[in-house]
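# Summary of structural features
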Amino acid sequence: MATPAEINNSIKYRRVLIKLSGEALLGNAAYGIDPAMIRRMAEEVTELASADVQVAIVIGGGNIFRGAGLAAAGVDRVTADQMGMLATIMNSLAMQDALERLGKHARVMSAIKMNQICEDYIRRRAIRHLEKGRVIILAAGTGNPFFTTDSAASLRAIEINADLLIKATKVDGVYSDDPVKNKSAKRYVQLSYDEVLERKLKVMDATAVVLCRENHMPLRVLDMTRPGALMRAVQGLDEGTLVTSK
């Protein structure tokens, strides 16, 4: 087993932003947050922080509420998206609590004003929290309707000068087709953002992909349910799929 010093020396990416889907928090539940699942995720994040990796997190809200789904049913899109933003805040507070139960200092920073329960997102303050070893959880997306949490994750990763954006999903990378429906679907080890757009691969929405491409932000798509996946990603090992500008 590697010593803490050996693990620290093996780290390739020192500041990362992890995009977690809200569905990842479901675990085996049909709705809401599985306490065992969020604790396991918090343990992996704490392991990264213990290796002096600066960690930011963006969490979706799909386990609680999907704004796009309600909008499709006829609700005003702006209102529906605002409701979705509130769901991400709930998930972020749950993650903060899970991290603090493990002894890791964390701060929730919201793109919309929620001063009684969390901080406002201010870029310089967010970077300062990271420099002090705190995990920051960036809630409420971009604070604007019509933008997904994928776009928010890309934007925030660029703003905080992250070395790597990690999209943590339930699939072990990017495939040529849906691996559940097509057993012969091929998993890509590495892709360029241009290839993602040309092949219409479902990595992130197009806005997020273009943001990363234009700002040369590397993206690693991996299976969050695999123990140690995050640590292997920050060590630069072959975990999931790596997407780069070239």
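Let me begin by describing the structure that accompanies this report. (Residues numbered from 1 in each chain as written. Predicted model: local features only at pLDDT ≥ 70, side-chain atom pairs only at ≥ 80, totals over all residues. Heavy atoms only, no water.)

## Thoughts on the packing of helix 2 (residues 35-50) against helix 4 (residues 77-101)
Relative to each other, helix 2 and helix 4 sit at 60°, their axes nearing to 9 Å. Classified by chirality, the crossing of helix 4 by helix 2 is right-handed. On helix 4, the residues touching Ile 38, Met 41, Ala 42, Val 45 and Thr 46 of helix 2 are Asn 91, Ala 94, Met 95, Ala 98 and Leu 99. Looking at the contact of helix 2 with helix 4, its residues break down into 8 nonpolar, 2 polar and no charged. (Axes fitted to C-alpha atoms, helices over the stretch in contact; angles between N-to-C directions. Helix = DSSP H or I, 4+ residues; strand = E, 2+ residues; numbered from the N terminus. Left-handed = near helix turned anticlockwise from the far one by under 90°. Contact = heavy atoms within 4.5 Å. Nonpolar A, V, L, I, M, F, W, Y, C, P; charged D, E, K, R; others polar.)

## Some points on the pairing of strand 3 (residues 106-110)
With 4 of 5 residues buried, strand 3 is to be regarded as a mostly interior element. Here strand 3 runs beside strand 5 (residues 135-139); their pairing, made up of 5 bridges, is parallel. What sits directly across from Arg 107, in strand 5, is Ile 136. Pairing of strand 3 with strand 4 (residues 119-120), which is carried by 2 bridges, proceeds in the parallel orientation. (Buried < 20%, exposed > 50% of the residue type's maximum accessible area, 1.4 Å probe, protein only. Pairing = 2+ DSSP bridges.)

## Side note on the packing of helix 6 (residues 149-159) against helix 8 (residues 206-214)
At a minimum axis separation of 7 Å, helix 6 and helix 8 run at an interaxial angle of 15°. Accordingly, the angle class assigned to the pair helix 6 and helix 8 is roughly parallel. In this structure, the crossing between helix 6 and helix 8 has a hand that is left-handed. The segment helix 6 lies against helix 8, with Asp 150, Ser 151, Ser 154, Leu 155 and Ile 158 engaging Thr 207, Ala 208, Leu 211 and Cys 212. When its residues are assigned to classes, the contact of helix 6 with helix 8 shows 5 nonpolar, 3 polar and 1 charged. (Parallel < 35°, antiparallel > 145°, perpendicular 65-115°, else oblique.)

## Side note on the pattern of salt bridges
Across all of its chains, the model carries 16 salt bridges by this definition. Glu 44 serves as the salt-bridge partner of Arg 40, at 3.0 Å between the closest nitrogen and oxygen. Within this pair, Arg 40 and its partner Glu 44 are both found in helix 2, separated by 4 residues, close to a single helical turn. Owing to a relative accessible area of 7%, Glu 44 belongs among the buried residues under this scheme. One salt bridge connects Arg 125 with Glu 119, and the closest N-O pair in it is separated by 3.9 Å. Here the residues in one salt-bridge network are Lys 19, Asp 150 and Lys 167, joined through shared partners. (Salt bridge = Lys/Arg side-chain N within 4 Å of Asp/Glu carboxyl O.)

## Thoughts on the nonpolar core
In terms of nonpolar packing, the biggest core is built from 40 residues, with Ile 18 and Met 95 touching the most fellow members. Of all the secondary structure elements, the ones that give two or more residues to this core are strand 1 (15-20), helix 2, strand 2 (54-59), helix 4, strand 3, strand 5, strand 6 (164-169) and helix 9 (229-234). The element contributing the most residues to this core is helix 2, with 6 residues. Contacts of Met 95, omitting those with residues within four sequence positions, involve Leu 20, Ile 38, Met 41, Ala 42, Ile 57, Ile 59 and Ile 137. If you look at the next biggest cluster of nonpolar residues, it comprises 30 residues, including Ala 56, Met 109, Met 204 and Val 209. (Core = buried A, V, L, I, M, F, W, Y, C linked by side-chain atoms within 4.5 Å.)

## Here we look at the pairing of strand 1
The element strand 1 is extensively covered by neighbouring structure, given that 6 of its 6 residues are classed as buried. On strand 1, burial covers both faces: Arg 15, Leu 17 and Lys 19 on one face and Val 16, Ile 18 and Leu 20 on the other are all buried. Relative to strand 2, strand 1 runs parallel, the two sharing 6 bridges. Opposite Ile 18, over in strand 2, you have Ile 57 as the bridge partner. As a crossover connection, the stretch from strand 1 through helix 2 into strand 2 is right-handed. Summarising the sheet, strand 1 and strand 6 pair through 5 bridges and their orientation is parallel. Considered in strand 6, the bridge of Val 16 is made with Leu 164. (Right-handed = clockwise from strand over helix to strand, strands pointing away.)

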